Amino acid sequence: MILVLLILILFVGGVLAWLSEFLNASAPRWVALGSLLLAGILTLTLVGVEPLSLSGLSGEWLVHFKADWIPRFGISFQVGVDGLSLLMLLLTIFLGIMACGSAWTEIVDRCGFFYFNLLWTLAGVVGVFIALDLFLFFFFWEVMLIPMYLIIAIWGHENKNYAAMKFFIFTQVSGLLMLIGILILAYFHFLQFTRFSFDYFELKNVVLDPSIAMLVMLGFFIGFGTKLPTVPFHSWLPDAHSQAPTAGSVILAGILLKTGAYGLIRFTIPLFPQASADFAPVAMFLAAVSILYCAKVAFSQTDLKRLIAYTSVSHMGFVTLGVFAFNMQALQGAVMTMLAHGLSAAALFMLAGGLQHRIHTRDMSEMGGYWAKVPRMAIVALFFSIAALGMPGLGNFIGEFLALIGAFRANQLMTVLSAFGLILASVYSLWVLQKVFQGSYESGKTDTSKLLDLDRREMVFYLAMMAGLVWMGMYPQTFLDLSSATLENLLQGARLAIAGL
Amino acid sequence: MPLLLLTATVIVVMLAIAIKRSHSLTCVLSITGISISFLAVFSVLPYAGTQVTPLLIVDSLSLLFSAIILLIAAFIAIFSFPYLANLGDQKEEYYLLLLLAALGALILVTSNHFISAFLGLETLSISLYGMIAYPVHSKGAAKFPLEASFKYLILSAVSSTFILFGIALLYSQTGSLGFASLTESLNNSLSNTPMIATGMIMLTSGIAFKLSLAPFHMWTPDVYEGAPLPATAFLATIGKVGMFVLMLRFIFATDALQFEAVVGALTFLAVVSILLGNILALLQQNIKRILAYSSIAHMGYILIALVAYAANNGVIAVEAISFYLIAYLIMSLGAFGVAAVVSSSEKEYDFVNDYQGLFWRDPWLATLFTAMLLSLAGIPLTAGFIGKFYIMFAGVQGSQWLLLIALVIGSGLGIYYYLRIVYRMLLPSDGTVKFAETGGSSIGSYAVLTILLVALIVLGVYPTFLMSILESVATSI
C-alpha cells in the first residue's frame, strides 16, 4: 500500500502544484518540494525493512502489492520494492528535490504547469522502478515521456521543438519494439500455461525457442538501449540535453537514463538469461564503442551541455559493460555507476544550466577565466569534474572500477579497451575546467554582468550531492549491501536457467 | 425498435419544420429522438440473438454499435448547433439529413443480408452528400462544400457499383443474398471458384473505398477538407464504423477469410494504408487533412487484427477490432469536435497555425485537443493506447510480423504530426488569430468534449468494464 501511496503523492502533488498557481505564483514550487519531501520520507521508511517471505516470489522483496487491473489479459497492478529498486527510488527522489531546487529561480513562466510536469515525470519513473507487471511497467515507461516532452518543448532553449520531437520519437518507437517483445512473451505464456499473464515472476517460467528468445531479447535491448543510451541509439540524447531546461537535464541525465539500465538488470537478463549471455559479447562491444567514441566526440564539443551529454553516454557504457559481464562485481559496479553518475551528471548539468542562466550562452569558446569571478562555482565544478573522471575516494571510481574488474573476467579485450575511457575522461573533464574557469579573463567576450557566485540555496544543493558522492566513494558498503541480495538472486537465477537448458 | 423510433423521429422533425421553423426546436427534437432510440436499444437487450425478418439481425454486436452510433449522432447534433448558428440559409433540414444518415448507419450494423446492407449503405451515403454540401448557399462558406460533395458522390457511387457487382457475382454462384445462407452454398461445393474469388475481391475493394483504405483513399482528404466540420466528423466516425461493422459481420458470417486472395488483399491494404496514410499526413498544414490521412492509417491498424483473425481465429481479434473502433470513435470525434467548437459555418479554423498558443488562450480546450491527439498517437492513459495494445496483441497472436513492423513505423511517423499540432498549441500566442466569441451556445459542445475526455481516460486506465462486454460480444458471434 505504501507504494501506491508513493505514486499517488507524486501524481496528486503534481495536480495540486498546478492548481496552486492560481493562489500564488510561488506556491507551486513549495507544493512540489513538499510532495517530494513527503515521498522521500515514505521511501526512507523502507530502508532496513526485513524482506518479506512470500511464496512464489523469487527475490528479497521488502514490500509487495498486487491487485487485479485488466483480468482479461492477466494484467495486474503489481508493484514491489527490493534493494535495487529502493536504491533507485532514493536516487529518484533525491534528484527530484535537486531538480526542484535548480528550477527554483530559473523557471518563472507558467511555473505551476512546470512543476506538474516535473512531478508527473517523477511519478512515471517511480512507477518504472517498482512495477512488477510488464504491462504496468510499459505503462509507466510511456507515461513519463509526455511530461518530459512538455518540459523540453515549453521551457527549452532555441531548438527545443526538434530536440523534444527527436527524444519522443526515439523512445516511443524503441518502446513499441519492446512492447511487441512483451506481447510475444505473454502469448507464449498463454501457449504454455493456457492463460495470459504479464506477471514478472510467471513470465520468467516461459521457455522460448532460442531464436525467438534472441529476437525478443533484442526488442527489449533496443528499448532499454535507447534510453540508456548505448551507441547506435544515442543520438537523441545530446539534442535533448542541450535544449532542455536545467531541471529537465537533471532529471534526464540523473534518472531517466537509469531507467534503461534498470530495465536491463531487472528484465532483460532474468527473462532471457541464455539469449543475453549469447548477446553479451556484442553488448560489451557496443559498450566499449560507447565509452571511447562518445568520449572522443565529447572532447570536440564547444557546447557545454552537449559535452556533458556525450560524457553521459560514455559513462553509461560502463553500466552496459557491467551488466553483461554476468558476475557479481561487475553488476555491483554497474549499480554503483548508476548512482554515482546520477549525482555527478546532475550536478554538472546544474552547473552548466546555472552558467547559462547567468551569461546566456553555453558556448565554451566564449567563456574563460571565471575562477576569479566565481570561485565557489569553480571549486564545485572542479569537484564534480574530478568525480566524473573517476578519482578514487568518490563514488564514480568505485562503480567504474568494480565494473572493470568484473568485466575483465568476462571479456578481457573489451575491458582493456574500455579502460582507456578513463584516460579520455580525465582529458575532457580537465579541458572543460581549463576552458571555462582557467586561463585569462577577457572582458567584453560575453556579458558577464549577471555572473554572480553561487548563493546559499545553491550551495546547499551542491553540498548535498558532494556528500553523497563522498559517502559512495568512502563507504560504498552501505549501497552494495542494499543491492547485493537482489543481484545475487538475479545471477543465481540466470545461472540456473542457463545450466538448465 | 431503435430503428422504428429513429424513423419516427425523422418524420416528427420533418413535420415540426413544416409547422414552425426554429433552429433550436429542431435540434432539441432531433436530440430527444436520438436519445429515445438510444434508450430503446437497452429495452431490446433481452431479445439479443433474434433474426428480425430475413434482412436484419438483432444481436449483441449490432446492439452495442447501435447504441454507440446513436450516442455519437447525438453528440454531433450538439456540435452542429453552434456551428450552424450563423449559417445564412435554412438550417433545419440539416438535422433531417443527420437523422437519416444515422438511420442508415443503424441499418448497416444490424443487417445480415445484402439487400438491407446495401439499403443502409445508400441511405447513409445519400444523406451524407447532402450534409457535406449543406452550406453551399451560404455566402460566408469559405470552403468548397460542393466540390467535396461531388467528389464524394461520384467516388462513392463508383464504389457502390463495385459492391453491387461483387454481390451479383456471388449471387450468380450461390443463388442467395443472405449472409448466412451464402455460407451454406459456399461450403457445399464451389468454395474457391474464380467467380466467387472475383466477387469477394470486388466487394473488398468497394468496402475499401468506403473505408478510405489506401490505395482507394484519394477522395478522403479533399472531402474531409471541403465538408463542414460536423459533417466531416460524421463521415469520419459513424460512416467508417458502420461500414467496418458490416464488413466484420459479412466476414464472420461467410468465413470470407478462408480465401487466400481476400487475406492477401487485406494485408496489402493494411500495409499500404498504414505507411501511406502516415507519410502523407506528415507535411500537411490543414488539421482536417491531417486527420483524414491519419484516419486512413487507423483503418489500416484495424485491418491488422482482421488479418490476424484469418491466421488463427482468435476471439481476441474481434475484441481488438471493436475496442479500437470505439477508441477511434472517441478520439476522432473529440479531435473534430475541438475544431468544430472554434469554427462556425462562416469561418473554419482548420490550419495548424490557427491553433498557435491555444494552451494559453483556452487551456481547457487545448487540454482536450492534446488528449485526443495523444490518444490518436497511442500514448498511455488514453483509450488509443489500450486499442493499440489490443491490435498488437492480436497481431502477435496471428504472427503477423510484417504488419506489426508497419504498425511500429506508422506509429513513429504518427507521433511527429500529432505532436506538431501539440507543439503549436504550446507556443506563445502570436495574437493574429482570434477565434470568434462563441458565447453560451457552445457550452453543450464543451460538455460533450469533456464527456469524451472522461471516456477516453477511463478506457485508457481501467478498460476492464468495456473489455468484458466486448468479450461476451466476441464470443457470441
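About the cut-offs
Residues numbered from 1 in each chain as written. Chains lettered and ligands numbered in written order. Predicted model: local features only at pLDDT ≥ 70, side-chain atom pairs only at ≥ 80, totals over all residues. Helix = DSSP H or I, 4+ residues; strand = E, 2+ residues; numbered from the N terminus. Rg over C-alpha atoms; globule rule 2.2 N^0.38 Å. Buried ≥ 20, exposed ≤ 12 C-beta atoms within 10 Å, placed from the backbone. Contact = placed C-beta atoms within 7 Å. Pairing = 2+ DSSP bridges. Nonpolar A, V, L, I, M, F, W, Y, C, P; charged D, E, K, R; others polar. Axes fitted to C-alpha atoms, helices over the stretch in contact; angles between N-to-C directions. Parallel < 35°, antiparallel > 145°, perpendicular 65-115°, else oblique. Left-handed = near helix turned anticlockwise from the far one by under 90°. Expected span 1.5 Å × (residues − 1). Bend = angle between axes of the 7 residues up to and from the residue. Core = buried A, V, L, I, M, F, W, Y, C linked by C-beta atoms within 7 Å. pLDDT = per-residue confidence, 0-100.

Considerations on the overall build of chain B
The secondary structure content of chain B amounts to 19 helices and 2 strands. In terms of overall dimensions, chain B is globule-like: its C-alpha atoms have a radius of gyration of 21 Å, near the 23 Å expected for 477 residues. Each principal axis of the C-alpha atoms in chain B carries an extent, and together these give about 70 × 55 × 40 Å. A total of 477 residues make up chain B; the buried ones form 59% of that total. Put simply, 80% of the contacts in chain B that link residues at least 6 apart link residues at least 24 apart.

Focus on the overall build of chain A
From N to C terminus, chain A includes 19 helices and 2 strands. Taking 23 Å as the expected radius of gyration for a compact globule of 501 residues, we find that chain A reaches 22 Å, a close match to that expectation. Counting only C-alpha atoms, chain A reaches 75 × 60 × 40 Å along its principal axes. Looking at chain A as a whole, 60% of its 501 residues are labelled buried. Long-range contacts, defined as pairs at least 24 residues apart, comprise 79% of the intrachain contacts of chain A with a sequence gap of at least 6.

What about the pairing of strand 2 (residues 75–81) of chain A?
Residue and element names in this part refer to chain A. Burial analysis of strand 2 places 6 of its 7 residues in the buried class, the great majority of the element. Where strand 1 (residues 63–70) meets strand 2, 7 bridges bridge the pair, whose relative direction is antiparallel. What sits directly across from K66, in strand 2, is Q78. Between strand 1 and the antiparallel strand that follows it, strand 2, lie 4 residues; G74 among them carries a positive phi value of about 65°.

Some points on the interface of chain A and chain B
Each side of the interface is counted separately: chain A has 22 residues, and chain B has 22 residues. Elements with a contribution of two residues or more to the side of chain A that touches chain B: helix 5 (134–143), helix 6 (145–155) and helix 7 (160–193) of chain A. When residues of the side of chain A that touches chain B are assigned to their parent elements, the largest contribution, 13 residues, is made by helix 7 of chain A. In terms of residue class, the side of chain A that touches chain B is built from 18 nonpolar, 2 polar and 2 charged.

Quick notes on the packing of helix 7 of chain A against helix 10 (residues 236–243) of chain A
All names here are of chain A. Where helix 7 contacts helix 10, the axes come no closer than 8 Å and their chain directions differ by 135°. Classed by the angle they form, the pair helix 7 and helix 10 counts as oblique. In this structure, helix 7 meets helix 10 at a crossing whose hand is left-handed. Residues K160, Y162, A163, K166, F167 and F170 of helix 7 form the contact with helix 10, whose own contacting residues are W236, D239, A240 and Q243.

Some words on unusual backbone geometry
Residue and element names in this part refer to chain A. Note the cis peptide between L228 and P229, where omega equals -15°. Looking at where P229 falls in the secondary structure, it is placed in the loop between helix 9 (210–227) and helix 10. Unusually for a residue other than glycine, T194 sits at a positive phi of about 55°. In this structure T194 comes out as exposed when scored by C-beta crowding, with 7 C-beta atoms within 10 Å.

Here's the deal with helix 11 (residues 260–281) of chain B
All names here are of chain B. Over its 22 residues, helix 11 extends 31 Å from the first C-alpha to the last, a length consistent with the 32 Å expected when each residue adds 1.5 Å. Within the span of helix 11, buried status applies to V262, L266, L269, A270, V271, S273, I274, G277, N278, L280 and A281. In this fold, the buried residues of helix 11 make contact with helix 8 (194–210), helix 12 (287–312) and helix 17 (401–426).

A word on helix 10 (residues 229–254) of chain B
All names here are of chain B. Over its 26 residues, helix 10 extends 37 Å from the first C-alpha to the last, a length consistent with the 38 Å expected when each residue adds 1.5 Å. Helix geometry: helix 10 is bent most strongly at L235, by close to 25°. Note on helix 10: the residue one or two positions beyond its end, D255, has a positive phi of about 60°.

Examining the environment of I415 of chain B
On the secondary structure map, I415 of chain B appears in helix 17. Judged by C-beta crowding, with 26 C-beta atoms within 10 Å, I415 of chain B ranks as buried. Measuring from C-alpha to C-alpha, the distance between I415 of chain B and L275 of chain B comes to 13 Å, with 140 residues separating the pair along the chain. When neighbours within four sequence positions are excluded, I415 of chain B is seen to be in contact with F168, I169 and Q172 of chain A together with A377 of chain B.

Regarding the environment of A74 of chain B
Examined against the element boundaries, A74 of chain B turns out to sit in helix 3 (residues 60–84). Those residues in contact with A74 of chain B that sit more than four places away from it in its chain are I31, I34 and S35 of chain B.

Describing the nonpolar core
Residue and element names in this part refer to chain B. One finds I69, L98, A102 and I304 to be the most contacted residues of the largest nonpolar core, which totals 389 residues. Sort the elements by how many residues they give to this core and helix 13 (residues 315–342) lands first, with 22 residues. A102 has contacts with L6, I34, I69, L70, A73 and I238, leaving out every residue within four places of it along the chain.

Overview of the environment of M195 of chain B
All names here are of chain B. Mapped onto the elements of the fold, M195 is located in helix 8. Between the C-alpha atoms of M195 and G166, which are 29 residues apart in sequence, the distance is 9.4 Å. With residues near it in sequence (within four places) discarded, M195 still touches L169, S172 and Q173.

Let's talk about the packing of helix 2 (residues 23–44) of chain B against helix 4 (residues 93–110) of chain B
Residue and element names in this part refer to chain B. As a packed pair, helix 2 and helix 4 sit with axes 10 Å apart at the nearest point and diverge in direction by 15°. In this view, helix 2 runs roughly parallel relative to helix 4, as classed from their interaxial angle. In this structure, the crossing between helix 2 and helix 4 has a hand that is right-handed. Every residue of helix 4 that contacts helix 2 at T26, C27, S30, G33 and I34 is listed here: Y95, L98, L99 and A102. In terms of residue class, the contact of helix 2 with helix 4 is built from 6 nonpolar, 3 polar and no charged.

What about the confidence of the model for chain B?
Model confidence for chain B is summarised by a mean pLDDT of 85, while 94% of its residues fall at 70 or above. Our summary of model confidence lists the complex with pTM equal to 0.90 and ipTM equal to 0.85.

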